Amino acid sequence: MAVSPQVFPPRKRRQLAGMNLVQSLLSLSQEISSLKPLQCLLKRNSLSVINKSKLLSILFEELLRNPVSNSFSPSTILCFEEMYLVLQRIKTLMEDCSSGTKMWLLMQIQVLANSFHELTLELSTLLDIFPFKEVELSQDIEELVVLVTKQCSQSKPLVDPRDEFLRRQVLAMLDRIEKEIVPDHLKLKEVLEDLGLRDNSSCREEIESLQEEIQNRNDEKSKSDIVSLIGLVRYANCVLFGSSTTRQSGHRRRKSMSELTVPADFRCPISLELMRDPVVVATGQTYDRESINQWIESGHSTCPKTGQTLTHCNLIPNRALRNLIALWCRQQGIPFETLASKEKFNGVKATKAAFEATKMTVSFLVNKLSDSQSMEAAAGVVYDLRALSKTDSDSRACIAEAGAIPILVRYLGSGVGSQQPNLQVNAVTTILNISISEVNKTRIMETDGALNGVIEVLRSGATWEAKGNAAATIFSLSGVHAYRKSLGRKKRVIKGLIDLVKDGPTGSQRDALVAILNLAGDRDTVGRLVEGGVIEMVSRVIDELPEEAVAILEAVVRRGGLAATVSAFNMIRKLCVILREGSNNARESTAATLVMICRKGGSEVVMELVKIPGIERIIWEVMGSGTMRGRRKAASLLRILRRWAAGLDLDTNNVVDSSSIMAMSVSNTSTTVLSA
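What counts, and where the lines are drawn
Residues numbered from 1 in each chain as written. Predicted model: local features only at pLDDT ≥ 70, side-chain atom pairs only at ≥ 80, totals over all residues. Heavy atoms only, no water. Helix = DSSP H or I, 4+ residues; strand = E, 2+ residues; numbered from the N terminus. Buried < 20%, exposed > 50% of the residue type's maximum accessible area, 1.4 Å probe, protein only. Contact = heavy atoms within 4.5 Å. Areas by Shrake-Rupley, 256 points an atom, 1.4 Å probe, with all protein chains shown as cover. Salt bridge = Lys/Arg side-chain N within 4 Å of Asp/Glu carboxyl O. Arc of directions from axis to C-beta. Patch = residues over 30% accessible without salt bridge, like charges linked within 9 Å, V, L, I, M, F, W, Y side chains within 5 Å. Lys, Arg positive; Asp, Glu negative; His and termini not counted. Charge placed at Lys NZ, Arg CZ, Asp CG, Glu CD. Core = buried A, V, L, I, M, F, W, Y, C linked by side-chain atoms within 4.5 Å. Phe/Tyr/Trp six-rings, centres within 6.5 Å; stacked < 30°, edge-to-face > 60°. Pairing = 2+ DSSP bridges. Axes fitted to C-alpha atoms, helices over the stretch in contact; angles between N-to-C directions. Parallel < 35°, antiparallel > 145°, perpendicular 65-115°, else oblique. Nonpolar A, V, L, I, M, F, W, Y, C, P; charged D, E, K, R; others polar.

(A) The overall build of the protein chain, seen in detail. Helix and strand counts for the protein chain come out as 35 helices and three strands. Looking at the 676 residues of the protein chain, the share that counts as buried comes to 51%. Taking all contacts inside the protein chain whose residues are at least 6 apart in sequence as the whole, residues at least 24 apart take part in 73%. Just so you have it, the protein chain exposes about 30800 Å², and 50% of that area is on carbon and sulfur atoms.

Written as structure tokens, this is what we have:
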């Protein structure tokens, strides 16, 4: 139905819009007036626009009070609308400058000063065309508007000489660092204090702000400049303010990752750290992009978690998981660092200045740690090394090259753990972080006492976190085939990992399980794992951690002999439960394990499997909805069952004597009963 124009008279609609617009202008000018002037940089620029906004708010108050000004022409409304946009841009500029990174603000001081000037000129133009006659202002208000207009029109781009001097000092320091010249610490401290960076907490916040700023930049030069600034602030933080662990002040600080229990699904199975850029590989497993890239680039062609061959090396972003991790980080009050916190920021490599700053930072910390006379003094330095070792591969390489590994070994012993448990945790975690690099794996293995120290933490660490990170270090080192065989020959390693799985909390259990799975890739080690009780361990944790447990069982049965097959025989019923109720990955490994048990065990094993109610229906379900490999293994398992039912050969290889399996199975069961 058409609406008559008389229903909404044009004049009243324009009048309503005009008064609402004036009210919005008043609110916006008051908001700008209530902002605090910028403290460290652009102080005069910000104070100038705040003062002008205060004067304009008087004008808008007068317009609202004056009954004659209730009706505005279209040109007046257009002037108000443009004025609103300019004020909104002024407010946004003020907020960006007050909440952004101080270092980058300093580098952009001329650009920002020009922005303040341009907005002031735009405001001047709008005041020039302001319709005084139409609104009928009082003489005082009209004089005030003329005054503001004159101030705006006479303004010039203003860069405070002090701000420009600071900028030149920072550029000079970066230049000296690039030339491998250590900056003067006194001058460095003066610059940081002038920017409001006066302690460890403010420096860390500045680094996080710089990392976020990279995400807002499109040109490569700006990104590279910010990377250099991050290196400078990180160096300054270490040499001037030291570790935050030694500065317990009354103010509330952000939680660190070491203080939080990260959900297992949010941890990368390789690095065991919180994932920042989760990606899915061909097997359906999720890893952090940096970790899986390093794994593949090191020559591996298998999935680290399942041991399966990767059919392709494409990495698919797991955006759903990434969003969940980001949400969790916000809830915990910790920064969610993206790729911007890594060695490359959206494809930008670390600059020469950033690299040299990292080397200087590491050299300072390692020398300080070497000279530490007490565990209390060493605790803060090791904490800083741990934090630095998480940042990028350059930092990890520099830490190892500076000779930190043998010094860190001093703090792995049980004596340290009993007196300073956090020191032991940070020491072993630093070794774990630097072991990500293939070159550093060799350095660790060749450093006297390093491996034995890690094993000691695994066996008798003061905390579960220390034990879990020691297990993660074993996993990292076992990524090299030669070291995997060497580690697998050490009974202390096998016993320590198995005990950790049996007794530890879930997070530490996962650390140990992935290490065991890696060790199980060596045929000789599998026998030692079976002797050490790995099958019994799997049986204990298969209900809580089915994917990891079944993956280990599959690897052990595939490469193990009679003892492995016999031990796995006693788990057939539990495996069938996983085959029916487990995840797709768990069902895949379960189907593969059952196929191998049947082929190696013969008809007696198949007979035990057939006794499971509804086993064929369960297998059909896997064939219909499982992974590609899971479907193939389920089809093979069904074929074995049907050949057995038809009295045909089972198409087996390496079949062991069925009576031996049954006898050993009964013997194992009896032993278990007597032990209980």
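(B) Representation of the pattern of salt bridges in the model. According to the stated counting rule, one finds 28 salt bridges in the structure shown. Among the salt bridges present, the one from Glu-164 reaches Arg-167, with a minimum N-O distance of 2.9 Å. You can see Glu-164 and its partner Arg-167 sitting in helix H8 (residues 161–178), three residues apart, about one turn around the helix. In this structure Glu-164 comes out as buried when scored by relative accessible area, which is 18%. Members of the salt-bridge network, linked through shared partners, are Glu-180, Lys-352, Glu-356 and Lys-359.

(C) Broad picture of helix H12 (residues 289–297). Taken together, the buried positions of H12 are Ser-291, Ile-292, Trp-295 and Ile-296. One face of H12 carries all of its buried residues, which in axial projection span an arc of 130 degrees. Taken together, the buried residues of H12 touch strand E1 (278–280), strand E2 (286–288) and helix H25 (506–519). Looking one or two residues past H12, Gly-299 carries a phi angle of roughly 105 degrees, positive in sign.

(D) The environment of Glu-376, seen in detail. For Glu-376, the location among the structural elements is in helix H15 (residues 375–389). The class for Glu-376 is exposed, based on a relative accessible area of 52%. Sequence spacing of Glu-376 and Gln-419 is 43 residues, and the spatial spacing of their C-alpha atoms is 9.8 Å.

(E) Up close: a negative patch on the surface. Together, Asp-184, Glu-190, Glu-193 and Asp-194 make up a negatively charged patch on the protein surface. As for its position among the elements, Asp-194 is in helix H9 (residues 185–194).

(F) Highlighting unusual backbone geometry. Of note in the backbone geometry, Leu-42 takes a positive phi value of approximately 55 degrees without being a glycine. Inspection of the secondary structure puts Leu-42 in the loop between helix H1 (10–34) and helix H2 (43–65). Look at Glu-180: it is not a glycine, yet its phi comes out positive at around 65 degrees. Mapped onto the elements of the fold, Glu-180 is located in the loop between H8 and H9.

(G) Structural detail: the side chain of Ser-124. Mapped onto the elements, Ser-124 comes out in helix H5 (residues 109–128). With residues near it in sequence (within four places) discarded, Ser-124 still touches Thr-149, Cys-152 and Ser-153.

(H) Quick look at the side chain of Glu-588. With respect to the helices, strands and loops of the structure, Glu-588 is situated in helix H31 (residues 584–601). Setting aside anything within four residues of it in sequence, one finds Glu-588 in contact with Gln-308, Thr-627, Arg-629 and Gly-630.

(I) Highlighting the environment of Arg-267. Among the structural elements, Arg-267 can be located in the loop between helix H11 (220–241) and E1. Judged by its relative accessible area of 28%, Arg-267 is partly exposed. Between the C-alpha atoms of Arg-267 and Asp-288, which are 21 residues apart in sequence, the distance is 8.3 Å. Here Arg-267 is in contact with Val-262, Leu-272, Glu-273 and Met-275, once residues within four sequence places are set aside.

(J) Region of the structure containing the nonpolar core. The biggest cluster of nonpolar side chains holds 125 residues, and the ones touching the most others in it are Leu-497, Val-534 and Leu-609. Considering every element that reaches this core, the biggest residue donor is helix H28 (residues 546–559), with eight residues. Setting aside chain neighbours within four positions, we find Leu-497 in contact with Leu-458, Ala-471, Ile-474, Ala-512, Ala-515, Ile-516 and Leu-519. If you look at the next biggest cluster of nonpolar residues, it comprises 77 residues, including Leu-21, Ile-90, Leu-106 and Leu-166.

(K) Representation of the packing of aromatic side chains in the model. Applying the stated criterion across every chain, the model contains two aromatic pairs. An angle of 45 degrees between the planes, with centres 5.9 Å apart, marks the rings of Phe-80 and Phe-130 as tilted. Linking Phe-80 in helix H3 (residues 74–99) with Phe-130 in the loop between H5 and helix H6 (132–135), this pair joins segments that are 50 residues apart in sequence. Residue class for Phe-130 comes out buried when judged on its relative accessible area of 3%. Considering the side-chain rings of Phe-266 and Trp-328, the 6.1 Å spacing of their centres and the 70 degrees angle between planes classify their relative orientation as edge-to-face. With a gap of 62 residues between them, Phe-266 in the loop between H11 and E1 and Trp-328 in helix H13 (residues 319–332) connect regions that are remote in the sequence.

(L) Layout of the sheet that holds strand E3 (residues 316–317). As summarised here, the arrangement of the three strands in space is E2-E1-E3, forming an open sheet in which the pairing is antiparallel. The sheet is open, and its two edges are formed by E2 and E3, each paired on a single side. Strands in contact with H12 are E1, E2 and E3; relative to E2, the strand with the most contacts, it is inclined by about 95 degrees.

(M) Here's a closer look at the packing of helix H32 (residues 603–610) against helix H34 (residues 628–645). As a packed pair, H32 and H34 sit with axes 10 Å apart at the nearest point and diverge in direction by 105 degrees. Relative to H34, the element H32 lies roughly perpendicular. Counting all contacts with H32, which are made through Ser-603, Val-606, Met-607, Leu-609 and Val-610, the residues of H34 involved are Leu-637, Ile-640, Leu-641 and Trp-644. Partitioned by chemical class, the residues of the contact of H32 with H34 number eight nonpolar, one polar and no charged.

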